[in-house]
Every structure is written in C-alpha cells, then in structure tokens.
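# Coordinates in review
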Amino acid sequence: MADLNELSEKLSGIRQEIKDELLKIENSKHAFEYRKSIMDSKTGKIGSLMREMGKVPNEMKAEYGKKVNEIRTWAQEQFDELETKLKEAEMNLRYESEKIDVTMPAKMQKRGNLHPNTMVRNQLVDIFGSMGFEIYEGKEIETDYYNFTALNIPQDHPARDMQDTFYLSPEFLLRTQTSSGQVHVMEEQEPPIKIISPGKVFRSDDDATHSPMFSQMEGLVVDKGITLCDLQGLLNAFVERIFGESTKTRFRPSYFPFTEPSVEVDVSCFQCKGCGCKLCKGTGWIEVLGAGVVNKKVLDGCGIDSNVYSGIAFGIGIDRIAMLKYGINNIKLLFESDLRVLDQIDD
C-alpha cells in the first residue's frame, strides 16, 4: 500500500460497494455468500487488507490497522442488521404460508371400513348367535390326531392327500379345517352342544378361488333326536339372512369322513333368482358349504353315546361367502387391500 490516502480511497470504495449491494440482497443465502466475499480472512476484500500489513512501513502500521478495523467493525454491524431484517421477513413469510383459516370447510376424509372377511364373519356370528350358538376359538396349530384321526380320517385315508397339509413335524400341523374344534368341544363338554368355531385354516392350494390361508367357520349341534331335517331348517334360516329371504337351499349327496350322511349345500342364485347367469354358470344354483350328520364313530371317539345322542355339523368358507356376497372373482383380492376393490364394499 503506497500511502494512507490510497488506503482511504480503497476503503471508501468498499464501503460504498457494501451499501449498494446490501440494498439488492433479498434472502439469507445471498447475504451469507456476500458476507463471506467481504469478511473472509483469506478471500474477503476486507480480510485481504490485513494480509498486506507486512508491506506497510512501520510508521504507518498503527494508522493502517486502525482504519481497516474501523471498516471491519462497520461492515460487521451492517451485515448483522441485514441478517436480522431478513430473518424476520422470512419468518413472516413462513407464518403466512402456514396460516390456517379455521373458518374454512374441512377436507372430506375417506371413511375406513371393515375387511370383507371381517364383515362376513361378524354377520355369521350375529346370525348363529341369535340361534343360541356359542363361539369356540380353536387352535391354528393342531395335532394329527385332532385334525385327522379323531375325525375318522386314518393314516391311509385319501382325504389326507386331498387336504395338502402343512406339517410342522410328524405330530403337529397347521389345521386344514376348523372341524378339529368340534372334537375338543365334544371331549370337554357334555351334550347338549351348540357351537360355532370361526378361524384361519391352511392348505397347500393356490388359484383364483383357493388360498394357502383362508377363513372357515365350523358349526356343531349335538343333542338327543337331532336329524338331517334340523340341519336343513338351520341352513335355510342362515341363507335367508345372509343372501336374502327369497334364497332357497338344496342338498346334494356327498362324502366327508366325519359325517354320515354328508351333503353339499347349494343356494338358489341370488343374482338371477334361479334363472341362470354367469355367476351360477347357468344352473340357477351356487355351492356354498358342506355339511352332514356327525358320524357315530366321531361321537363315540369323543365319549358321547351315539345311541343316545346325534349331531349335525357344517363348514362354511367365510372367504367364499364374501366373494359371492360382494361379487369378488379372485380370492387374492381379499388379501391385497386394493382400495379400488374395498371402496366398492360398504355394508
């Protein structure tokens, strides 16, 4: 630096530049970047003046340092004042953007709904509960004895192959049917018995109408003088409540190891009223469940005298009822929580 006059001119230029530039700054980021270009000890315009102290004659160093410190202090005050103003302005903008008008109408929120399986299960529980049935919660992990043997399905019986069982060990498995619950009840409780047992069951099966895990409900009535006529009357009342009063039932002979006689239960198509449509495949009837009179071997095996007591049992696929009731053509839609499907179901 040649002399103090040259320094004064340079400082005046920096001072004027700062005044002009501060008028243009509109946000904190710009202010920070400009502040660094002026005040930084290595690259800033004021900071670099201190590095030139070595070139100043000894007799001028004190005055030189005084002038540089004065403009440094002044610039620092200008930047601090600007920063305060910018922060206040930015805070006001934020408050304005986040302001809520409490007098505005609320946004409509979508109302949640129960899963189709849950709705059908609740309906079934209400229907059979009104008929005096009690609920029995069975076990999802069962022994081979309760799932098969006690239900008149010995080791070499082909019905075991039909179930495609998930075995956890030679003795334990994931139950393939809620029918195992009826054995526990009959062993623990003396007739009269009137229970339903809803829950998850598991089979190695997978297509549009079958899933490795699905929901089922077992029904059991054991008392003196129980016949197939009682079963039909019971199921007539059930289908009228679930599908409509005009719905009728039809029994077809079938085979289940734990009932004798056994029947497949059809209902008249509630969509075409029996005239024939795509849902009932033109027959006017839809298969909904399996049922029958409890096999005497099962009663005797549970310690109930089959010469005194008789019983009826039925197994309802909750998923199947839900699919029929709500027009769902693929069981996988019940597990995917697709809102396009669930939004159409609102009982």
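Residues numbered from 1 in each chain as written. Predicted model: local features only at pLDDT ≥ 70, side-chain atom pairs only at ≥ 80, totals over all residues. Heavy atoms only, no water.

## Description of the overall build of the protein
Definition in use: Strands here are runs of E lasting at least two residues and helices are runs of H or I lasting at least four, both read from the DSSP assignment and numbered beginning at the N terminus. Here the globule rule is a power law, 2.2 Å times the number of residues to the power 0.38, and the radius of gyration is based on C-alpha atoms. Working definition: with a 1.4 Å probe on protein chains only, accessible area under 20% of the residue-type maximum means buried, over 50% means exposed, and in between means partly exposed. Only heavy atoms matter for contacts: two residues are in contact if any of them lie within 4.5 Å across the pair. Exposure was quantified through the Shrake-Rupley algorithm and a 1.4 Å probe, taking into account, for residues, occlusion by the shown protein chains and nothing else. The sign given to each residue is positive for Lys and Arg and negative for Asp and Glu; His and the chain ends receive no count. The atoms used to mark charge sites are NZ of Lys, CZ of Arg, CG of Asp and CD of Glu.
Within the protein, the regular secondary structure consists of 12 helices and 10 strands. Computed over its C-alpha atoms, the radius of gyration of the protein comes to 42 Å, more than 25% above the 20 Å expected for a compact globule of 347 residues. On the principal axes, the C-alpha backbone points of the protein span a range of 130 × 50 × 35 Å. Of all 347 residues assigned to the protein, the portion counted as buried reaches 42%. Considering only contacts within the protein whose residues lie at least 6 apart along the sequence, 65% involve residues at least 24 apart. When the accessible surface of the protein is summed, it comes to about 19800 Å², and 52% of that surface belongs to carbon and sulfur atoms. Taken as two groups, the 43 positive and 55 negative side-chain charges of the protein have centres that lie 6 Å from each other.

## Regarding the domain arrangement of the protein
Quick note on the threshold: What counts as a domain boundary in this text is fixed by an automatic or database domain assignment.
What the domain assignment reports for the protein is domain 1 (4–97) and domain 2 (116–342). Once you take the C-alpha centre of each, domain 1 and domain 2 turn out to be 85 Å apart.

## As for the pairing of strand β8 (residues 259–268)
Short version of the rule: The rule for pairing is simple: two strands pair if DSSP sees at least two bridges between them.
Across the 10 residues that make up β8, a large majority, 8, are buried. Note that strand β7 (residues 249–256) and β8 share 7 bridges and pair antiparallel. Along β8, the bridge assignment pairs Pro253 with Val263.

## Regarding the environment of Lys45
Inspection of the secondary structure puts Lys45 in helix α3 (residues 45–51). Residues Lys45 and Arg250, spaced 205 residues apart in sequence, show a C-alpha to C-alpha distance of 98 Å. Every residue in contact with Lys45, bar those within four places of it in the chain, is listed here: Ile14, Glu17, Ser37 and Ile38.

## What to know about the packing of aromatic side chains
The criterion, for reference: Two rings from Phe, Tyr or Trp (for Trp, the six-membered ring) form a pair when their centres sit within 6.5 Å of each other. Planes less than 30 degrees apart are called stacked, planes more than 60 degrees apart edge-to-face, and all others tilted.
Tallying each qualifying case throughout the model produces 6 aromatic pairs. Aromatic side chains Phe128 and Phe314 sit 5.3 Å apart centroid to centroid with 25° between the ring planes, which places their arrangement in the stacked category. Highlighted residues: Phe128 in helix α5 (residues 116–129) and Phe314 in strand β10 (residues 310–317), separated in sequence by 186 residues. We note that Phe128, like Phe314, is buried. Ring centres 6.1 Å apart and planes at 15° place the aromatic pair Phe256 and Phe258 in the stacked group. Ring pairing ties together the aromatic residues Phe128, Phe133, Phe238 and Phe314, which thus form one cluster.

## A short note on the nonpolar core
Most often, soluble globular proteins have nonpolar side chains that are buried together. Convention followed: Definition used in this section: a nonpolar core is a set of buried Ala, Val, Leu, Ile, Met, Phe, Trp, Tyr and Cys residues joined via side-chain atoms within 4.5 Å.
Ranked by internal contacts, the top residues of the largest apolar core, which has 43 residues, are Phe128, Phe238 and Phe314. Apart from residues no more than four positions distant in its own chain, Phe128 is found in contact with Phe133, Ile196, Met217, Leu234, Phe238, Phe314 and Ile316. Core analysis: the next-biggest nonpolar cluster, separate from the first, contains 22 residues, Tyr136, Ala150, Leu151 and Leu220 among them.

## Some thoughts on helix α11 (residues 318–326)
An α-helical turn contains 3.6 residues, so a residue and the one three or four places further along point in the same direction. The element α11 is largely enclosed, with a buried count of 7 among its 9 residues. Turning to α11, its buried residues number three or more, namely Ile318, Asp319, Ile321, Ala322, Met323, Leu324 and Tyr326. Packing partners of the buried residues in α11 comprise α5, β6 (213–223), α9 (228–243), β9 (285–294) and β10. A positive phi of about 65° marks Gly327, the residue just after α11.

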